[in-house]
Amino acid sequence: RDPDHQVTLAALARWEEAYGTVPEGAVVALRSGGAKRWPDQNEMLIRDSAGRRRSPGWSMEVLRVLFEERRITACGHETIDTDRGLDLDKGPGVLESYILSLGRWQIEMMANLDQVPVHGAIVVASWAKPLGGSGFPARVFAIA
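Here the structure is a predicted model, which is why all the values come from computation and not from measurement. (Residues numbered from 1 in each chain as written. Predicted model: local features only at pLDDT ≥ 70, side-chain atom pairs only at ≥ 80, totals over all residues. Heavy atoms only, no water.)

Turning our attention to the overall build of the protein chain. For the protein chain, the count of helices and strands is five helices and five strands. Scanning the protein chain from its N terminus toward the C terminus, one meets helices and strands in the order α-β-α-α-β-α-α-β-β-β. Against the globule reference of 15 Å for 144 residues, the protein chain gives a C-alpha radius of gyration of 15 Å, in line with a compact fold. For the C-alpha atoms alone, the extent of the protein chain along its principal axes is close to 40 × 40 × 30 Å. Counting over 144 residues, the protein chain shows a buried share of 33%. Sequence-distant contacts, at least 24 apart, represent 68% of the contacts inside the protein chain between residues at least 6 apart. Of the roughly 9000 Å² of accessible surface on the protein chain, a fraction of 51% belongs to carbon and sulfur atoms. Across the protein chain, the 17 positively charged side chains and the 19 negatively charged ones have centroids separated by 1 Å. (Helix = DSSP H or I, 4+ residues; strand = E, 2+ residues; numbered from the N terminus. Rg over C-alpha atoms; globule rule 2.2 N^0.38 Å. Buried < 20%, exposed > 50% of the residue type's maximum accessible area, 1.4 Å probe, protein only. Contact = heavy atoms within 4.5 Å. Areas by Shrake-Rupley, 256 points an atom, 1.4 Å probe, with all protein chains shown as cover. Lys, Arg positive; Asp, Glu negative; His and termini not counted. Charge placed at Lys NZ, Arg CZ, Asp CG, Glu CD.)

Taken as a whole and judged by the stated rule, the model has 10 salt bridges. For E69, the salt bridge is made with R70, and the minimal N-O distance between the two is 3.6 Å. Residue R84 is joined to D87 by a salt bridge in which the shortest nitrogen-to-oxygen separation is 3.1 Å. Judged by its relative accessible area of 16%, R84 falls in the buried class. Residue class for D87 comes out partly exposed when judged on its relative accessible area of 23%. Each of D4, D48, R52 and R54 takes part in a single network of salt bridges with overlapping partners. (Salt bridge = Lys/Arg side-chain N within 4 Å of Asp/Glu carboxyl O.)

A word on the side chain of S55. Secondary-structure assignment places S55 in the loop between α2 (41-45) and α3 (60-69). Contacts of S55, omitting those with residues within four sequence positions, involve P3, I46, T79, R84 and G85.

As structure tokens, then:
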């Protein structure tokens, strides 16, 4: 509903109240409905009439809690970037850089998150990592 949405600490607190503390080693994925825009590149960018990117994303506060306190392994999302679209129009992806600086990983453009349970699935992710590469397609699936 809000193309500029960022995940908040309040939303994380509500999720943990309902399902329990995010477990160490978890993969946490943001389901925004963005996968329904694939495979149209222009639709994935979600630009408004002024050409600004309008896609939801994570917030630094939530990522710090998830990676530093909950000690998750990775985060994922249906959009093409970890950072919110409006923030990317201002410069490089600060949130993506933060995650990678921790030696953790992110999975972009995830599909079918609406078919994965809200919690408790096992996530399997596999990809090639050629020397000097910055990112690669991944095969990711969940076992419920």
